Amino acid sequence: MDLEGGIHRNTIKKDSWMTVLTLAYQSLGVVYGDLSTSPLYVYKSVFAEANEKITTNEEIFGVLSFVFWTITLIPLIKYVFIVLKADDNGEGGIFALYSKLCRNSRVGWFLPNSQVADEKISTYKKDSITCQPSFNAMVKATLEKHKVLQIVLLILALVGTSMAICDGVLSPAVSVYSAISGLELAISKHHHRYIEHPLACFILVCLFALQHYGTHRVGFLFTPVVITWLLCISGVGLYNIFYWNPQVYKALSPHYMYIFLKKSQRGRWMSLGGILLCIRGSEAMFADLGHFSRLSIKIAFTSFLYPSLVLAYMGQAAYLSKHHGKPIGFYVSVPDSIRWPVIVIAVLAAIVGSQAIITGTFSIIKQCHALNCFPRVKIVHTSSKIGGQVYIPEVNWTLMVLCLAVTIGFRDTAAMVNASVITVMLITTILMSLVMVLCWYQSVFFAICFILFFGTIEALYFVASLVRFLNGAWVSLALASVFFVIMYTWHYGSLMKYESDFHNKVPLDWLLGHGPSLDFVRVKGIGLVHTELVSGIPAVFSHFVTNVPAFHQTLVFLCIKSVHVPYVLPEERFLVGRIGAKEFRIYRCIVRYGYRDIHKDNIEFEKQLVCSIAEFIHSGREEQAVGVGVLHHDDNRMTLVGISSAHTEGIRIWEDEEEEPLRVPSPVEIRELQSSIKKRELQPSVVQRKKRVTFLLPESPRIMDRDTQEELSELMEAREAGMSFILGDSNVRAKRGSNWIKKLLINHGYDFLSRNSRRATNGLSIPSATTLEVRMVCHV
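Residues numbered from 1 in each chain as written. Predicted model: local features only at pLDDT ≥ 70, side-chain atom pairs only at ≥ 80, totals over all residues. Heavy atoms only, no water.

S.K.: Which residues make up the overall build of the chain, and what values go with them?
M.R.: Along its length, the chain carries 23 helices and eleven strands. In the chain, which comprises 780 residues, the share counted as buried stands at 57%. Taken as a whole, the chain presents about 32,600 Å² of accessible surface, with 61% of it coming from carbon and sulfur. (Helix = DSSP H or I, 4+ residues; strand = E, 2+ residues; numbered from the N terminus. Buried < 20%, exposed > 50% of the residue type's maximum accessible area, 1.4 Å probe, protein only. Areas by Shrake-Rupley, 256 points an atom, 1.4 Å probe, with all protein chains shown as cover.)

S.K.: Which residues make up the nonpolar core, and what values do they have?
M.R.: Ranked by internal contacts, the top residues of the largest apolar core, which has 156 residues, are Tyr32, Phe301 and Tyr313. Beyond its immediate stretch of four places on either side in the chain, Tyr313 contacts Ser38, Pro39, Val42, Tyr43, Leu64, Val67, Ile71 and Cys278. By size, the runner-up hydrophobic cluster in this structure holds 24 residues, among which are Ile526, Phe616, Ile617 and Ala718. (Core = buried A, V, L, I, M, F, W, Y, C linked by side-chain atoms within 4.5 Å. Contact = heavy atoms within 4.5 Å.)

S.K.: Now, about the packing of aromatic side chains: what can you tell me, with residues and values included?
M.R.: Enumeration over the complete set of coordinates arrives at 20 aromatic pairs. Residues Phe301 and Tyr306 carry aromatic rings whose centres are separated by 5.9 Å and whose planes lie at 40° to one another, so their mutual orientation is tilted. One exposure class covers both Phe301 and Tyr306, and it is buried. Between Phe362 and Tyr391 the ring centres are 5.9 Å apart and the planes differ by 85°, which places this aromatic pair in the edge-to-face class. Of this pair, Phe362 sits in helix H13 (residues 339-370) while Tyr391 sits in strand S2 (residues 390-391); the two residues are 29 residues apart in sequence, bridging distant segments of the chain. A relative accessible area of 7% places Tyr391 in the buried class. An aromatic cluster is built from Tyr239, Tyr243, Trp244 and Tyr319, whose rings are joined through pairwise contacts. (Phe/Tyr/Trp six-rings, centres within 6.5 Å; stacked < 30°, edge-to-face > 60°.)

S.K.: I'd like a description of a nonpolar patch on the surface, backed by residues and values.
M.R.: On the surface, Leu466, Phe469, Leu470 and Trp474 cluster together into a nonpolar patch covering about 400 Å² of accessible area. Topologically, Leu466 is positioned in helix H16 (residues 444-467). For Leu466, a relative accessible area of 32% puts it in the partly exposed group. (Patch = residues over 30% accessible without salt bridge, like charges linked within 9 Å, V, L, I, M, F, W, Y side chains within 5 Å. Salt bridge = Lys/Arg side-chain N within 4 Å of Asp/Glu carboxyl O.)

S.K.: Quick rundown of the sheet that holds strand S6 (residues 586-594)? Include the residues and the values.
M.R.: An order of S7-S5-S6-S4-S3-S10-S11 is seen for the seven strands of this open sheet, with the pairing classed as mixed. Two strands lie at the open edges of the sheet, namely strand S7 (639-641) and strand S11 (771-779), each paired on one side alone. Taken over all neighbouring pairs, the strand axes of this sheet differ in orientation by 25° on average, direction set aside. Of the pairings in the sheet, the one linking strand S4 (residues 550-563) to S6 comprises nine bridges and is parallel in character. (Pairing = 2+ DSSP bridges. Axes fitted to C-alpha atoms, helices over the stretch in contact; angles between N-to-C directions.)

S.K.: Report on helix H1 (residues 17-30), specifying residues and quantitative values.
M.R.: For H1, spanning 14 residues, the distance from its first C-alpha to its last is 20 Å, which sits close to the expected 20 Å at 1.5 Å a residue. Those residues of H1 lying buried are Val20, Leu23, Ala24, Ser27, Leu28 and Gly29. Residues of H1 that are buried sit in contact with helix H8 (222-244), helix H12 (294-320) and H13. (Expected span 1.5 Å × (residues − 1).)

S.K.: Any chance you could break down the confidence of the model for the chain for me, citing the residues and the numbers?
M.R.: For the chain, mean pLDDT is 77; residues scoring 70 or higher make up 76% of the total. At the level of individual helices and strands, the chain shows its lowest average pLDDT in helix H21 (residues 668-680), which scores 45, and its highest in H12, which scores 92. In the model, residues 1-13 has pLDDT below 50 throughout and makes 46 contacts with residues more than four positions away in sequence or in other chains. In the model, residues 658-689 has pLDDT below 50 throughout and makes 41 contacts with residues more than four positions away in sequence or in other chains. (pLDDT = per-residue confidence, 0-100.)

S.K.: So what's going on with unusual backbone geometry? Which residues, and what values?
M.R.: Its identity is not glycine, yet Tyr441 carries a phi of approximately 55°, on the positive side. As for its placement among the helices and strands, Tyr441 is situated in the loop between helix H15 (414-438) and H16. In this structure Tyr441 comes out as buried when scored by relative accessible area, which is 12%. Despite not being glycine, Arg585 has its phi angle at roughly 55°, a positive value.

S.K.: Residues and numbers for the pairing of strand S3 (residues 521-530), please.
M.R.: By the bridge criterion, eight bridges tie S3 to S4 in an arrangement that is parallel. Residue pairing for S4: Ile526 is matched across the bridge by Thr554. The pairing of S3 with strand S10 (residues 723-733) spans four bridges and is classified as parallel. Looking at S10, one finds that Val529 is bridged to Ile726.

S.K.: Could you give me a rundown of the packing of helix H4 (residues 94-104) against helix H6 (residues 147-179), with the residues and numbers involved?
M.R.: Packing of H4 against H6 brings their axes to within 9 Å, and their N-to-C directions diverge by 165°. Looking at the two axes, H4 sits roughly antiparallel to H6. Two packed elements cross with a definite hand, and for H4 against H6 that hand is left-handed. Residues Ile94, Phe95 and Tyr98 of H4 form the contact with H6, whose participating residues are Leu153, Leu154, Ala157, Gly160 and Thr161. Among the residues making up the contact of H4 with H6, the classes are represented as six nonpolar, two polar and no charged. (Parallel < 35°, antiparallel > 145°, perpendicular 65-115°, else oblique. Left-handed = near helix turned anticlockwise from the far one by under 90°. Nonpolar A, V, L, I, M, F, W, Y, C, P; charged D, E, K, R; others polar.)

S.K.: How would you summarise the packing of H8 against H12 if you had to cite specific residues and measurements?
M.R.: For any two helices packed against each other, the geometry is given by the interaxial angle and the distance between the axes. Contact geometry for H8 and H12: axes closest at 7 Å, N-to-C directions at 40°. As summarised for this structure, H8 and H12 are arranged oblique, according to the angle between their axes. Judged by the twist between their axes, the crossing of H8 over H12 is left-handed. When H8 is examined against H12, the residues Ile227, Leu230, Leu231, Ile233, Ser234, Gly237, Leu238, Asn240, Ile241 and Trp244 are found in contact with a partner set consisting of Phe304, Leu305, Ser308, Leu309, Leu311, Ala312, Met314, Gly315, Ala318 and Tyr319. Per-class residue counts for the contact of H8 with H12 are 15 nonpolar, five polar and no charged.

Right under this line is the structure:
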């Protein structure tokens, strides 16, 4: 569980122009792969829903006007110039907006074990202002006072996230199916009918099967493919404009939108759902902000992607204006001489766009998992250099099955994407207006204008997509509902379980009341008691020692938790404190991670944990409590201890499994520690290979006292004996008398998810042979 080497992209405040241009080049392949393929299906979807043939150019120009202004208002003005400014320490997405709101006002319901100490983290910065407007303060106080409003915000965040996950199912099917639709122009319809679905399914199976290799292995091809595709569609667009209708630029006037909707026909209203497809993938600009920079994304969109898309749509409109009554689609506007190369490039671009959506879905689920809003799953990091590239096997195969079912079951998949796309954008608009008031302290009038302008546009598109409910929009809503129920059930059950553990925790007086010797048998080794509590003794431990009155010579109550920031610096990761007197050798260690930090199944975490305790012992700072303060009335003060591997000033650990440790340069303290251990060791009758542990202490003019030496020596000895993990596994049940909704969520929903999810120790490199599970029944 180590933070990967590459900290997030936006820690660098000012990049050189060469770096910015390089990031802009790379963002074309990762961020805009999905948005760039929209010309494949927009016009075909619009006129297919209109259920009528093109008779005049006013209809074509009206669609082009809608497409142009939709691209201009939503991706360009809303996202590029406004939403990108609302980053959370360089990170974007719905979770970033919600996290930003949680830090600037106490409305967060994700993390119940939050502490005041978390606000001391350097990345836990709040937007401050010298004089906060009174009306803004009133809005903030209203949100903090009413629990119902806070639950509504949580539901909005979960709905937007579930819709984004749903897009990971539908977008690959839409992109791949639309890309291979050009084959109908090259082969007969009889053969096309038997080739289209099998070929689409084959491409999707290959795409999902290659996910475990990671994006970095084929990522170098992404940007060249997207650039080639954009040059292709813009070149074809320019050709069609000059060859067929140079006057098509007049369609950019908003007047043609009015003409298009002048006749209030149901078919024209439904066609707005097809126009919505032109901005599918716009949310990726904000969601993938953490991998690039704000300026690089702006440059890539405004200088290359935006003009390429406008030329592509104008070129299709110019061709259609001279071919009334003929089939509608992207490939019909491509000259016959280059149609096959264009089809190949389109398929490659669709694969790239689908790859970006799938990996983005993995990242979203990882954030939900970190914030305890998704069942425990196995997260594999496919790159040692790029932190955002993860692979989740269970989710990957689930997405593949659902994607294949959608592709086989529905011929027109474009209608299914509309609802999920516009819902995510609409929720972003709502949260963004709150960020303006609570975080930026802008005028409430400005926030109202923002939500009225963009919210009205998106609401119209949302209603238009619901009109197509029976045509396929129900699929996205059904899938999103399933994901939402899973996320909410897991979050609700986890929250109820934590509250039960908190109320049933044992005060420290129970443990300390056993006297100086604690009256327990102490066995060799380090015992890690996993708990989500940041204070007190978990009930599962008291249940364990009541039945088995023995525990390890060094006992650590370990709490691994997430905080409302994307990243926690290594030097701020560990909080270490002492429970009881020094002689007890009982510690509490709180390990903090951000919702985008990387947890790896790595033995290095054990070393970092032992080093942090050793640094705490050696520094003698338990009475200082650096910037933390008293957490709870029954806990000692916690000390901030950084990861020793992140700097050279702290204690480092050296381990070897040879019979005798190798000679290493060490100061006097190390030799004293080694000699004190050897005095207590019994000489074995048989020579055995044993792990040897040595602490490498920094040179210091301060000489350790004898108590510190003894404590460090016992910690080294315990580390040599090995680690054991004590895990509480509770069967959560609703209390008698609870309403039927709670019983359904807890007794059936949460119980099913917990039994079929990964163990809580999955992120720790502790073998199952050294894991002791203590099962209890927890009534909530």
